[in-house]
Amino acid sequence: MTASDLEAALAYLIVKVLAGNKNKILAIYEYLVLDKSIREVKEKYGFSKSQIKGWSYRLMRYRGAKKLLAKTINDLLEIEPIITKDNICKICKAQISDPERHVLKHKFIVNRHIQKILEKLK
Ligand SMILES: [Zn+2]
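About the cut-offs
Residues numbered from 1 in each chain as written. Predicted model: local features only at pLDDT ≥ 70, side-chain atom pairs only at ≥ 80, totals over all residues. Helix = DSSP H or I, 4+ residues; strand = E, 2+ residues; numbered from the N terminus. Rg over C-alpha atoms; globule rule 2.2 N^0.38 Å. Buried ≥ 20, exposed ≤ 12 C-beta atoms within 10 Å, placed from the backbone. Expected span 1.5 Å × (residues − 1). Bend = angle between axes of the 7 residues up to and from the residue. Arc of directions from axis to C-beta. Contact = placed C-beta atoms within 7 Å. Core = buried A, V, L, I, M, F, W, Y, C linked by C-beta atoms within 7 Å. Axes fitted to C-alpha atoms, helices over the stretch in contact; angles between N-to-C directions. Left-handed = near helix turned anticlockwise from the far one by under 90°. Nonpolar A, V, L, I, M, F, W, Y, C, P; charged D, E, K, R; others polar.

(A) How the structure looks around the overall build of the chain. Counting its secondary structure elements, the chain contains seven helices and zero strands. Secondary structure elements in the chain, listed N-terminal to C-terminal, are α-α-α-α-α-α-α. A compact globule built from 122 residues would reach a C-alpha radius of gyration of about 14 Å, and the chain, at 14 Å, matches this within 12%. Structurally, the chain occupies a C-alpha span of about 40 × 35 × 20 Å along its principal axes. Within the chain, the fraction of its 122 residues that count as buried is 27%.

Right, dumping it as structure tokens:
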């Protein structure tokens, strides 16, 4: 896994967590890493098959992403979301409609978490 693949894969995952979508990460993890059936994951989390496959394939574009997810799942789940359940951003207090896109406006937070996890992986 190249350094840029590693960072891009982490950014993809961290954005979802910061946006308050830990269940998406868990669904991807159980499908890809724990090798559960798509049906089981779908029923557990209430996402559609195409959503789960779509997120998983997007992540798998980065070489080594599956191993990375296996190693970092606990650190990812410890990250505190910056978007509340009512879609308010804790950083700028704005009411938002697209949490994952909004998180990218606070790129420094995404980068800080990437660096923290990279440190742990060393
Ligand atoms: Zn904000």
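(B) Here's a closer look at helix α5 (residues 65–78). In a regular helix each residue adds 1.5 Å, so 14 residues correspond to 20 Å; α5 covers 19 Å between its end C-alpha atoms and thus fits that length. The largest bend in α5 amounts to roughly 60° and is located at Thr72. Ala65, Leu68, Leu69, Thr72 and Leu76 are the residues of α5 that are buried.

(C) Structural context of helix α7 (residues 107–121). Taking 1.5 Å of rise per residue, the 15 residues of α7 would be expected to cover 21 Å, and the 21 Å separating its terminal C-alpha atoms lies within 8% of that figure. Turning to α7, its buried residues are Val110, His113 and Ile117. Buried positions in α7, seen along its axis, are confined to an arc of 70° and lie on one side of it. Along α7, exposed side chains directed more than 90 degrees from the buried face belong to Lys107, Phe108, Arg112, Gln115 and Glu119. Among the structural elements, α1 (3–18), α5 and α6 (99–103) are those in contact with the buried residues of α7.

(D) Just the nonpolar core, in detail. Within the largest apolar cluster, 29 residues are counted, with the highest numbers of intra-cluster contacts made by Ala9, Leu13, Ile14, Leu18, Ile28, Leu69 and Val103. Elements supplying a minimum of two residues to this core: α1, α2 (22–32), α4 (49–60), α5 and α7. Counting residues per element, this core draws most heavily on α1, at seven residues. Residue contacts for Leu13: discarding those within four places in its chain leaves Ile25, Leu69 and Leu76.

(E) Expanded view of the packing of α2 against α5. Orientation of α2 relative to α5, taken along the N-to-C sense of each, is 145°, at an axis distance of 10 Å. The two elements α2 and α5 cross, and the hand of that crossing is left-handed. Only Lys66, Leu69, Ile73, Leu76 and Leu77 of α5 make contact with α2, whose side of the interface consists of Lys22, Ile25, Ile28, Tyr29 and Leu32. When its residues are assigned to classes, the contact of α2 with α5 shows eight nonpolar, no polar and two charged.

(F) Here's a closer look at the environment of Glu30. Its place among the elements puts Glu30 in helix α2. Residue class for Glu30 comes out partly exposed when judged on the 19 C-beta atoms lying within 10 Å of it. Residues Glu30 and Lys66, 36 residues apart in the sequence, show an inter-C-alpha distance of 11 Å. Contacts of Glu30, omitting those with residues within four sequence positions, involve Lys36 and Val41.

(G) Spotlight on unusual backbone geometry. Notably, Asp35 is not glycine yet its phi reads approximately 60°, a positive angle. As for its placement among the helices and strands, Asp35 is situated in the loop between α2 and α3 (38–45). Backbone geometry at Lys93 places phi at a positive 65°, although glycine is not the residue there. A tally of 7 C-beta atoms within 10 Å means that Lys93 is categorised as exposed.

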